[in-house]
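# Survey of secondary and tertiary structure
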Amino acid sequence: MRTRFIVGNWKMNKTATEAVAFVHRLKQELPSVEGIQVGFTPPFTALHATRDALASNPAFLLGAQNLHWEEKGAFTGEVSGPMLKDLGCEFVLVGHSERRQHFGDQDTWTNRKVLAALRHGLRPILCVGETLQERDSEHTDAVIERQLRAGLVGVDDQGLAAVTIAYEPVWAIGTGRAATPQQAVLVHRMIRRIIGELGGADRVQQLRILYGGSVTPQNIADFLSFEEIDGALVGGACLDPLSFATLVRVAIRATPTRTA
Ligand SMILES: O=C(CO)COP(=O)(O)O
């Protein structure tokens with residue numbers, strides 16, 4: 001069975017000082033985490049402090065929210081894979097819809113970022129998701145397929161084994177209007193089929209597909225009751241240590257028993 005993965009995406013929240021306070025409180029609430037992995041993506045400026053505060057708990061993984069595809073050079077304001085790796089990051093988000101919407105991250109860029117992450121030993125979490133307009137016009141499948149295929153150009157079987165996909169419908173992000181687990185399951189199945197076609201047929205059963213968009217301590221169990229949903233990418237509900245700890249505790253107990 002795939003190990004479930006809950007990732008708290010802090011977005012542009014928390015100073016380094018606040019990050020340390022958060023982690024200390026969270027560790028009090030979650031003295032032991034077994035059976036699942038918990039990831040954190042602080043802003044770049046809080047990565048170092050968060051790493052030190054997390055202090056080698058193997059269930060806790062540090063990640064970044066973005067990277068540039070070049071290793072170094074004249075790219076003012078950017079951060080590269082080797083820089084993240086050096087700080088102890090194990091994974092990195094690529095193609096989050098906020099990057100696509102506000103910062104012009106196009107499919108060709110997400111592809112370069114996925115390849116750069118893999119080159120530097122970081123596991124990419126490739127984020128895909130449709131807007132409300134795309135869903136309403138029944139383009140969800142086509143949009144997700146395009147984002148996946150374009151984002152994974154040139155990724156070989158070995159690379160695919162290191163990739164995680166996050167399905168985050170744009171209309172569900174920060175709106176309090178989560179997708180239903182059944183809606184997510186349908187998209188997750190399609191994602192697994194497409195990745196299988198891309199050449200990961202042998203390994204596709206190991207691929208983790210997370211759901212993101214208004215996940216809360218109240219609805220996480222519902223999502224994780226489906227075996228197609230391997231975890232969650234959590235925004236708003238990850239910022240408060242008590243709320244996030246509750247969510248993680250529920251996730252630890254959740255067992256997949258339903259089919260859509
Ligand atoms: O974008 C998200 C995680 O990356 C989801 O954000 P919310 O959980 O706030 O909807």
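Keep in mind it's a predicted model, so treat the numbers as computed, not measured. (Residues numbered from 1 in each chain as written. Predicted model: local features only at pLDDT ≥ 70, side-chain atom pairs only at ≥ 80, totals over all residues. Heavy atoms only, no water.)

## Details of the UniProt feature "binding site: substrate" (unreviewed entry) in the protein
Sites flagged by UniProt as "binding site: substrate" (unreviewed entry) map to Asn9, Trp10, Lys11, Gly174, Ser214, Gly235 and Gly236. Spatially, the listed residues are clustered: although they cover 228 residues, their C-alpha atoms lie within 14.0 Å of one another. Relative to the elements of secondary structure, Gly235 occurs in the loop between β8 (231–234) and α11 (241–253). Excluding its chain neighbours within four sequence positions, the residues that come into contact with Gly235 are Asn9 and Lys11. Of the residues examined, Gly236 reaches a relative accessible area of 67% and is grouped as exposed. (UniProt positions renumbered as here; feature names shortened; annotations may be inferred. Helix = DSSP H or I, 4+ residues; strand = E, 2+ residues; numbered from the N terminus. Contact = heavy atoms within 4.5 Å. Buried < 20%, exposed > 50% of the residue type's maximum accessible area, 1.4 Å probe, protein only.)

## Points about unusual backbone geometry
We note that Lys11 has phi near 55°; this positive angle belongs to a residue other than glycine. Take Lys11: its relative accessible area is 21%, and that puts it in the partly exposed class.

## Section: the packing of aromatic side chains
Evaluated as defined, the whole model comprises 7 aromatic pairs. Here Phe5 and Phe91 contribute two aromatic rings whose centre-to-centre distance is 5.5 Å and whose plane-to-plane angle is 75°, an arrangement assigned as edge-to-face. On the criterion of sequence distance, the pair formed by Phe5 in strand β1 (residues 4–9) and Phe91 in strand β4 (residues 91–94) is long-range, its members being 86 residues apart. One exposure class covers both Phe5 and Phe91, and it is buried. With centroids separated by 5.7 Å and ring planes inclined at 55°, the aromatic side chains of Trp69 and Trp109 adopt a geometry described as tilted. Pair noted here: Trp69 is in the loop between β3 (60–64) and α3 (81–86) and Trp109 is in helix α5 (residues 107–119), with a separation of 40 residues, a long-range link. Judged by relative accessible area, Trp69 falls into the buried class, the value being 15%. (Phe/Tyr/Trp six-rings, centres within 6.5 Å; stacked < 30°, edge-to-face > 60°.)

## Things to note about the site of the ligand
Around the ligand sit 13 residues, and of these Lys11, Gly174, Ser214, Gly235 and Gly236 come closest. Between Ser214 and the ligand, the recorded distance is 2.7 Å, taken from a backbone N or O atom to an oxygen atom. At 2.8 Å, a backbone N or O of Gly235 approaches an oxygen atom of the ligand. When isolated, the ligand has an accessible area of 310 Å², and the protein chains bury 95% of it. For the shell around the ligand, the per-class residue count stands at 4 nonpolar, 7 polar and 2 charged. (Near = heavy atom within 4 Å. Polar contact = N/O pair within 3.5 Å; in protein donor to acceptor, adjacent residues only side chain to side chain. Areas by Shrake-Rupley, 256 points an atom, 1.4 Å probe, with all protein chains shown as cover. Nonpolar A, V, L, I, M, F, W, Y, C, P; charged D, E, K, R; others polar.)

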